Amino acid sequence: MHPGLLHRRFVTDLSSSLFSFVLPLLPTQEERAVKEEVRSLIEKLVKTIEPSARLLSFGSSQNSFGLRNSDMDLVVLIDDPSANLEASHLVQMIGDLLQRETNFDVKPLPKARIPILKLTLAPSSALPFGIACDIGIENRLAIENTRLLLTYATIDPARVRTLVLFLKVWAKRRRINSPYRGTLSSYGFTLMVLYYLVHVKQPPVLPNLQRIAPLRPLAEHEVMIQGRNVYFFDDTETLRQEWSSINFETVGELLIDFFRYFSHDFQFNNSVMSLRAGQLTKEIKGWVNDIDVGGLNEMARDRNRLCIEDPFEISYNVARTVTKDGLYTLRGEFMRATRILTQRPDRAVIALAELCR
Ligand code: CTP
Ligand code: MG
C-alpha cells in the first residue's frame, strides 16, 4: 500500500482506538453516586460547625476529565462574612468531627502552606478502591478554574475530552504525573492540552474563552474573585451558535501533532504557556531560571524549568513542581510517544498499548 494511504488508515484507526481506549476508564454512574453521597454527608457535618458553610466538589469529578477511581477534591466555602473562621482552625475542627462521626481515616494538615484535610476510606466490596479525598478551605479560584476547564470541554467534547483523558492515563501509566516527585499535576497536563488547542493549532480547535470580546460588552470582562479576574465566556449556548472551529483534524491527528510539538517545537528554555494570553517569555513573566537567579536561592532555580501560567492566578506557575530531572523525563516521554506513533505499527490499538506501557 502507498505510504500516504497507510498513514491515513493508521490515523483513522488511531482516532477510533482512542475513543474505545478511554471509554471503559470513565467513572461509573455508581461511583459518581457514592461520591455524591460522601460529599453530602460531610457537608451536613460541616454545617453543624458553621451553618453558612457549603461543601463543593471541584477538579476532575466536575471538569469532565475524571477517570475511574480518581481522588475527590472538595472545598469548604463560608458564605457568612461575619463567621470569621481561620482556615487552619476550621481544618482542625472538621478533622476532629469527622474522626468522631465517620469511618474515614482523617489526617488534618492545619499547618500546611494551604491548610487541608486528607480523608481516606479503606477499600470494601462496594468500593473496591476505597476513596481518597482532599478538603480545602475557601479556594474559590479552584471552583472557577474547574468551570473554565469544563466549558472548554463542552465546546468540543469528542476531541477535547478524549485528548485530555488519554493524556492523563498516559501520564499516570508513564509515572510522569507526580508533582511531589518532580513531574506535573493532572491540572498542568490539562492546561497544556488546552493551550495547544487554543494557541498552537492553526486554525485553532478552541476559542480563547478569556479573550472573546465581540460577543459581549467589554464591561463584563472583569469579574473579581479573591483579587483575580476570573472572567471567561461561559455561555455555551451562544458559543454553539456563534463559534465553530474550522479545524477538522481528527483526535488521532491532534494527538500525534501534540506529541510532535512538545518533542520538537516548544521552547522549554524560554517560553511560558499561557492559556489566557498565548505564548509568553519567561523573561516577561520574571520566571527566569539559572544565571539570573544566581546564588540567591538554589531552590528557585528549579521552580521555572517548565512554565504554565495559571489562567486566573497569573503569577502562579502551575508547573513549578517540575524539576530539572522531571523535565528531562517529560521531554523524553514526549519523544518516545512521537517515535511510537510515527513508526506506526500495523494497528493503532497496539501503538496505544505500547504508548501506555
Ligand atoms: N488546582 C489548582 N492549582 C494547581 C493544581 C490544582 O488550582 N496547581 C486545582 C484545579 O481546580 C484542579 C484541581 O485542583 O482542577 C484538581 O487538580 P488535579 O488533581 O491536578 O487535577 P484533576 O483534574 O482532579 O486530576 P485527577 O483526576 O488526576 O485527580
Ligand atoms: Mg483530582
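**Notes on a nonpolar patch on the surface**
A contiguous nonpolar surface patch, about 300 Å² in accessible area, is contributed by Met1, Leu5 and Leu6. With respect to the secondary-structure elements, Leu6 resides in helix α1 (residues 3-22).

**Some details on the site of ligand 1**
Within the structure, ligand 1 sits among 15 residues, and Ser60, Asn145, Lys168, Lys172 and Ser186 are positioned closest to it. A distance of 2.6 Å separates an oxygen atom of ligand 1 from a polar side-chain atom of Ser186. Here a nitrogen atom of ligand 1 and a side-chain polar atom of Tyr316 are 3.2 Å apart. Contributions of two or more residues to the shell around ligand 1 are made by α4 (140-155), α5 (157-173) and α6 (186-200). Ranked by the residues each element gives to the shell around ligand 1, the list is headed by α4, at three residues.

**Describing the sheet that holds strand β10 (residues 308-309)**
Ordered in space as β9-β8-β10, the three strands form an open sheet in which the pairing is mixed. This sheet does not close on itself; its edge strands, each paired only once, are β9 (278-281) and β10. Bridge analysis of strand β8 (residues 271-274) against β9 gives four bridges, and the strand direction is antiparallel. Its bridge partner lying in β9, Met273 is registered against Gln279.

**Structural notes on the environment of Leu194**
Secondary-structure assignment places Leu194 in helix α6. Excluding anything up to four places from it in sequence, Leu194 contacts Leu149, Tyr152, Val160, Leu206 and Leu275.

**Considerations on the sheet that holds strand β3 (residues 105-109)**
Across the sheet, which stays open at both edges, the five strands sit in the order β1-β2-β5-β4-β3 with mixed pairing between neighbours. Bordering the open sheet on either side are β1 (53-58) and β3, each of which pairs with just one other strand. For this sheet, the mean angle separating the axes of adjacent strands, direction not counted, is 20 degrees. Examined bridge by bridge, strand β2 (residues 72-78) and strand β5 (residues 131-137) share five bridges and lie parallel to one another. The residue bridging Val76 from the neighbouring strand is Ile137, located in β5. Packing of helix α3 (residues 87-101) onto the sheet brings it into contact with β2, β3, β4 (116-121) and β5, and relative to β3 it is tilted by some 170 degrees.

**Description of the domain arrangement of the protein**
For the protein, the domain assignment lists domain 1 (29-139) and domain 2 (156-206 + 245-355). Computed over C-alpha atoms, the centres of domain 1 and domain 2 are 30 Å apart. Facing the five residues of domain 1 at the interface are eight residues of domain 2. Summed over both sides, the interface of domain 1 with domain 2 buries roughly 590 Å², with 71% coming from carbon and sulfur. Interface area lost by domain 1 to domain 2 is led by Ser64, Phe65 and Leu67, which between them contribute 86%.

Cut-offs used in this document
- Residues numbered from 1 in each chain as written.
- Chains lettered and ligands numbered in written order.
- Predicted model: local features only at pLDDT ≥ 70, side-chain atom pairs only at ≥ 80, totals over all residues.
- Heavy atoms only, no water.
- Patch = residues over 30% accessible without salt bridge, like charges linked within 9 Å, V, L, I, M, F, W, Y side chains within 5 Å.
- Areas by Shrake-Rupley, 256 points an atom, 1.4 Å probe, with all protein chains shown as cover.
- Salt bridge = Lys/Arg side-chain N within 4 Å of Asp/Glu carboxyl O.
- Helix = DSSP H or I, 4+ residues; strand = E, 2+ residues; numbered from the N terminus.
- Near = heavy atom within 4 Å.
- Polar contact = N/O pair within 3.5 Å; in protein donor to acceptor, adjacent residues only side chain to side chain.
- Pairing = 2+ DSSP bridges.
- Contact = heavy atoms within 4.5 Å.
- Axes fitted to C-alpha atoms, helices over the stretch in contact; angles between N-to-C directions.
- Domains from an automatic or database assignment.
- Buried area = accessible area lost by both parts, 1.4 Å probe.

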